[in-house]
Amino acid sequence: MRGMSAELTRPRAVLLDWDNTLVDSFPLIHLSTNHTLRAMGHETWSYEKFCRTIASSMRDFFPKLYGDRWREARDIFVASYAKRDLDKIEPLPGAEELLSALEQAGFYLALVSNKSGHHLRQEVSHLGWDGYFSRVVGATDARADKPAPAVIEFALDGSGIAPGRDVWFVGDNAIDIDCALAAGCVPLIVQGAHAGHDVPALDRALRRFRDCHEIAAYVRQITA
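Read on for an overview of the structure. All values reported here derive from a predicted model rather than from experimental measurement.

### Points about the environment of Arg84
(1) Moving on: Checked against the element boundaries, Arg84 lands in the loop between α4 (70-81) and β3 (90-91).
(2) Moving on: Taking the C-alpha atoms as reference points, Arg84 and Cys185, separated by 101 residues in sequence, lie 34 Å from one another.
(3) Moving on: The residues touching Arg84, leaving out its near neighbours within four places in the chain, are Leu28, His119, Gln122 and Glu123.
(4) Moving on: Reaching out from Arg84, the side chain makes a polar contact with the side chain of Glu123 at a distance of 3.0 Å.

Written as structure tokens, this is what we have:
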């Protein structure tokens, strides 16, 4: 465990990222990304470049990458990703242990991802995890995607909990930290399946955990 400070208070709500935080779906996303790059006449990306680059939602990132043809690229990507084998969406070690610990603690739980809401909810349902979350928020569900604070406000809407220091945001990369800080929430990082990418930026998190097992143990410690 490391980060800016060891000081954490018990939260009322915990918001979690999805890809590379709770599940390892990066290999499947990488395949669809390269399929789209080839179709659009671009060079494909190595897995390392993909892991360094992908964080923003399609509506934010694709116009920068593909310009005026971004909607065409979006449709190609969506069609390719829709063919994914859901059985290859792998929970990261300790992910369900973490969700169980958070649920038992009685925290309000929501997912906040830049993956399309349709695909996100399919994957959550496939793993049988629907019951853990009060709200599952994907790209375009809110008026803006991560890192905009609007997505956190949308995730908490109806909970009676306002964004603030008693809301943790658990993610794996800089965009999750930016989102948490923009909303005044507490950013926590789980190293996930691809530890080591964007390390300097990750040091802005209040704490960094090696994996879901470690943060689950911490949750049980503070709620004992």
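### Looking at helix α1 (residues 26-39)
(1) Moving on: In a regular helix each residue adds 1.5 Å, so 14 residues correspond to 20 Å; α1 covers 20 Å between its end C-alpha atoms and thus fits that length.
(2) Moving on: Taken together, the buried residues of α1 touch β2 (23-24), α2 (47-53), α3 (58-66), α4 and β4 (108-116).

### Examining the pairing of strand β1 (residues 13-16)
(1) Moving on: Side chains Ala13 and Leu15 of β1 all project onto a buried face; the interleaved residues Val14 and Leu16 project onto the opposite face, where all are buried too.
(2) Moving on: In this sheet, β4 lies alongside β1 in parallel orientation, the contact comprising four bridges. Counted as the bridge partner of Val14 is Leu109 from β4.
(3) Moving on: Two elements, β1 and strand β6 (residues 167-171), share four bridges in a ladder whose sense is parallel. Across the sheet, Leu16 pairs through a bridge with Val170, a residue of β6.

Cut-offs and rules
Residues numbered from 1 in each chain as written. Predicted model: local features only at pLDDT ≥ 70, side-chain atom pairs only at ≥ 80, totals over all residues. Heavy atoms only, no water. Helix = DSSP H or I, 4+ residues; strand = E, 2+ residues; numbered from the N terminus. Contact = heavy atoms within 4.5 Å. Polar contact = N/O pair within 3.5 Å; in protein donor to acceptor, adjacent residues only side chain to side chain. Expected span 1.5 Å × (residues − 1). Buried < 20%, exposed > 50% of the residue type's maximum accessible area, 1.4 Å probe, protein only. Pairing = 2+ DSSP bridges.

Any functional reading would require information beyond the geometric quantities listed.
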